[in-house]
Every structure is written in C-alpha cells, then in structure tokens.
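Architecture and fold: a report
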Amino acid sequence: QVQLVESGGGLVQAGGSLRLSCAASGRTFSDYAMGWFRQAPGKEREFVAGISRRGRTTYYTDAVKGRFTISRDNAKNTMYLQMASLKPEDTAVYYCAADRNPTALVVTSGSLYDYWGQGTQVTVSS
C-alpha cells in the first residue's frame, strides 16, 4: 500500500496562490493514478483534479480550470496542485488520493480511490 501526506495549505487572500504537495511512500508511486479532492464545511467531498500514472493526462473540474494545475514528479514520489487566482469558494480541506487500478487513466470518482491522505486546510479570505 501507499501512504500519502499533504502539505502546503494555509491562509491566503483572494487572488493569491498556493502550491499543495502530496508526498507518497510505500509502493511504487508511478503505479498509481492520483487525484486531488476537497471538502468544504457542510458540503460533500468533490473532485478537483486528476492525473495519470506518467502525468501525460490530466483532468479538472470546471470550477478550477484555468486556475489550478496538477502535476507529478515520479522520481520524487510527489504530486502537486498549483493553485492561482484563488477565490473564497476554494476554501476547503484538500486531500490527495491514489488509485491502484492498473487500467485507470484519470479517476474522478472518490469511491474508486484506494488510499487517502489526511488533508491540508486551504483558507481564502475575501
């Protein structure tokens, strides 16, 4: 199995930027399709972005397209989420997740992921 640890969250003003990291340990990182999710208070967890094993394919929810960029460095066993032009509605706990299904490319459904990190808080002030 793989262990995931997120970092990089914090408090930022609207219009600002943050970069989240997800460090993986355990199994071979490149065996997993990866994704970012978020959950705001009182709301359900939602998909933010996903990336394929080699990083060639990415997918974003409409709300973050053009503002967020997902990437991964398999040599460093780390995935990133570069967030720009942040809005107050981006405030949430952000989670990274790993999918071990060898046939999966980019996975948008949280129920299909096998491993999750503990989350990192992102707060965007207006």
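Data block above holds the structure.
Our focus in this paragraph is unusual backbone geometry. Positive phi outside glycine occurs at N77, with the angle close to 55°. Tracing the sequence through the fold places N77 in the loop between β7 (68–73) and β8 (78–83). Of note, the phi angle at S85 is positive, near 50°, even though the residue is not glycine. If you trace the backbone, S85 turns up in the loop between β8 and β9 (92–99). A relative accessible area of 41% places S85 in the partly exposed class.

With that settled, consider the packing of aromatic side chains. Per the stated rule, a full pass over the model turns up six aromatic pairs. Here Y32 and Y115 contribute two aromatic rings whose centre-to-centre distance is 6.0 Å and whose plane-to-plane angle is 75°, an arrangement assigned as edge-to-face. Here Y115 lies in strand β10 (residues 115–116) and Y32 lies in the loop between β3 (18–26) and β4 (33–39), a separation of 83 residues in the sequence. Each member of the pair, Y32 as well as Y115, carries the same accessibility label: buried. Geometry around F37 places R45 over its ring, the cationic atom sitting 5.7 Å from the centre. Here the basic side chain of R72 rests over the ring of F29, its NZ or CZ set 4.4 Å away from the ring centre.

Procedures and definitions
- Residues numbered from 1 in each chain as written.
- Predicted model: local features only at pLDDT ≥ 70, side-chain atom pairs only at ≥ 80, totals over all residues.
- Heavy atoms only, no water.
- Helix = DSSP H or I, 4+ residues; strand = E, 2+ residues; numbered from the N terminus.
- Buried < 20%, exposed > 50% of the residue type's maximum accessible area, 1.4 Å probe, protein only.
- Phe/Tyr/Trp six-rings, centres within 6.5 Å; stacked < 30°, edge-to-face > 60°.
- Lys NZ or Arg CZ within 6 Å of the ring centre and 35° of its normal.

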